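# Examination of the molecular architecture
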Amino acid sequence: MPVSQEDRIALSEAETFQDHDRPHAIFSQFRAEEPVAWCEEPWDGPGFWSITKYDDIQEISKLPKVFSSDAKHGGITLPSPAMIAKRSHLTRKEVESPSELSQFEGGRSMISMDPPEHVQHRRMVAPGFTPHTLDSLAPRIRERASAILDSIKDQNSCEFVASVAAELPIQMLAELFNLPQEDRHKLFKWSNLIIGGDDPDVTISREHVMAAFMELGGYAMQLYQDRQKNPGNDLITMLVNTEVDGEPMNVADYLSAFVLLVVAGNETTRNSISGGTLALSQHPAERQKLVDDPSLIPKAVDEIIRWVHPVIYMRRTALEDYELRGVKIKTGDKLALWYMSGNRDEEKWDDPFTFNVSRDGPRHLSFGYGQHLCIGWRLAELQLSVVLEEMLARYPDIHVTGEVTRMRTNFLNSIKTMPVSYSAST
Ligand code: HEM
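The geometry of helix α7 (residues 131-150) relative to helix α9 (residues 167-177) is characterised by a closest axis approach of 10 Å and an angle of 140° between their N-to-C directions. It follows that α7 is oblique to α9 by the angle criterion. Pair α7 / α9 crosses with right-handed handedness. Of the residues in α9, those in contact with Leu137, Arg140, Ile141, Arg144, Ala145 and Ile148 of α7 are Glu167, Leu168, Gln171, Met172, Glu175 and Leu176. Looking at the contact of α7 with α9, its residues break down into 7 nonpolar, 1 polar and 4 charged.

What follows is the structure, encoded as structure tokens:
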């Protein structure tokens, strides 16, 4: 039976993803019957191709010259800038050019650039993410994770997202940026606001969004000026020193790069920590395996990130005609690479809908693939694995006790709040 029109349209709607059963059911049907599927949009968008098989997502991700991420072709999200603007209380001009919110010309970051430009931007921050840099960060990640987990020990329940999952990624980001730790909550607030355009709890009003964007722009510019005078070996200094075609990166691009790192470095890692803790709570036998044998944690990290798919999809735009599985994709067509679906591809994993912390199998797609493969993947994995080690050693029975609230978005799998209970290990 073909996937219904209603289900195709539902993939554009944030509320469809509030509960994952429905999108998973739609994607399973697509993978089985129509792996390259045309989907109409509920607004007056042109529609897009849903790419749901693991191999196809990899094939497209390897061809950045054919399938563009560039903002000038539409960037990395399905809705047009006009649509995002409407939903986030901003005007179209303000969304297309964040400069309207500050005094700068509109900029782009590496995630919405194609090669060769992409390579120049990525290269400048790459030293911040090498295995060597991470080795030097590892002891501090452990110190911070331990302190965060110790801070909840005198109670036997807490709201996990604010108390634990959000804390480590923003503390580490503040460290990578070399910011005073007390500023980290601002990063948290701004990042929620940027991705929460579909969530009425987050984008309360136009004034609220504008004020936060202005604050973010001002803060980032202060840092820019400071690092010009006082360079260090932090990510902000790397951005300030980025040269593109021999010229310093312009201020607008700097601003976009700052925003990208704030969002990418914190939302996704937070959601893998909270989503992983939820999955372990829903599968206590799997949690017990890790308590009994912590050497399984590296495998569990892979399984959690496959299972949670913190990024649900990324968009590409075809720059030439291309045939995939006999389907003709035309120049200018939009495509959604549904990582959420590729990670459940029955041809790649046995029982992909079973959460199994000792699973073997191919690399999941949650960090993307190819040209734009997540630059922060090692950092994210390290944080998740340290949190799991320290958390399960202290609170082996940690479990979710009530309603889990989710951000309204079809782009990120984001948990807003999650109550947990635990008893300290004896
Ligand atoms: C579990 C955590 C994370 C997940 C699931 C994740 C996911 C992703 C995905 C899917 C992409 C590919 C985008 C595309 O193909 O268009 C990406 C790119 C990126 N991520 Fe991550 N990410 C995570 C953590 C991080 C961290 C910790 C940082 C930095 C501190 C980071 C920074 C970036 C950047 C800068 C890019 C753009 C890379 C490029 O365009 O070349 N991410 N991430």
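Looking at where serine 366 falls in the secondary structure, it is placed in the loop between α16 (339-342) and α17 (377-394). Judged by its relative accessible area of 6%, serine 366 falls in the buried class. The sequence separation of serine 366 and valine 308 amounts to 58 residues, and the corresponding C-alpha distance is 8.4 Å. Contacts of serine 366, omitting those with residues within four sequence positions, involve Ile305, Arg306, His309, Pro310 and Asn343. There is a polar contact of 2.7 Å between the side chain of serine 366 and the backbone oxygen of isoleucine 305. A polar contact of 2.9 Å, which involves the side chain of serine 366, links it to the side chain of asparagine 343.

Here we come to the site of the ligand. His118, Arg122, Arg316, His372 and Cys374 are the nearest of the 27 residues found near the ligand. If you list the elements that add at least two residues to the shell around the ligand, you get α6 (117-125), α13 (251-282), β7 (313-318) and α17. Broken down by element, the residue count for the shell around the ligand peaks at 7 residues, all from α13. The residue inventory of the shell around the ligand, partitioned by class, reads 15 nonpolar, 10 polar and 2 charged.

About the cut-offs
- Residues numbered from 1 in each chain as written.
- Predicted model: local features only at pLDDT ≥ 70, side-chain atom pairs only at ≥ 80, totals over all residues.
- Heavy atoms only, no water.
- Axes fitted to C-alpha atoms, helices over the stretch in contact; angles between N-to-C directions.
- Helix = DSSP H or I, 4+ residues; strand = E, 2+ residues; numbered from the N terminus.
- Parallel < 35°, antiparallel > 145°, perpendicular 65-115°, else oblique.
- Left-handed = near helix turned anticlockwise from the far one by under 90°.
- Contact = heavy atoms within 4.5 Å.
- Nonpolar A, V, L, I, M, F, W, Y, C, P; charged D, E, K, R; others polar.
- Buried < 20%, exposed > 50% of the residue type's maximum accessible area, 1.4 Å probe, protein only.
- Polar contact = N/O pair within 3.5 Å; in protein donor to acceptor, adjacent residues only side chain to side chain.
- Near = heavy atom within 4 Å.

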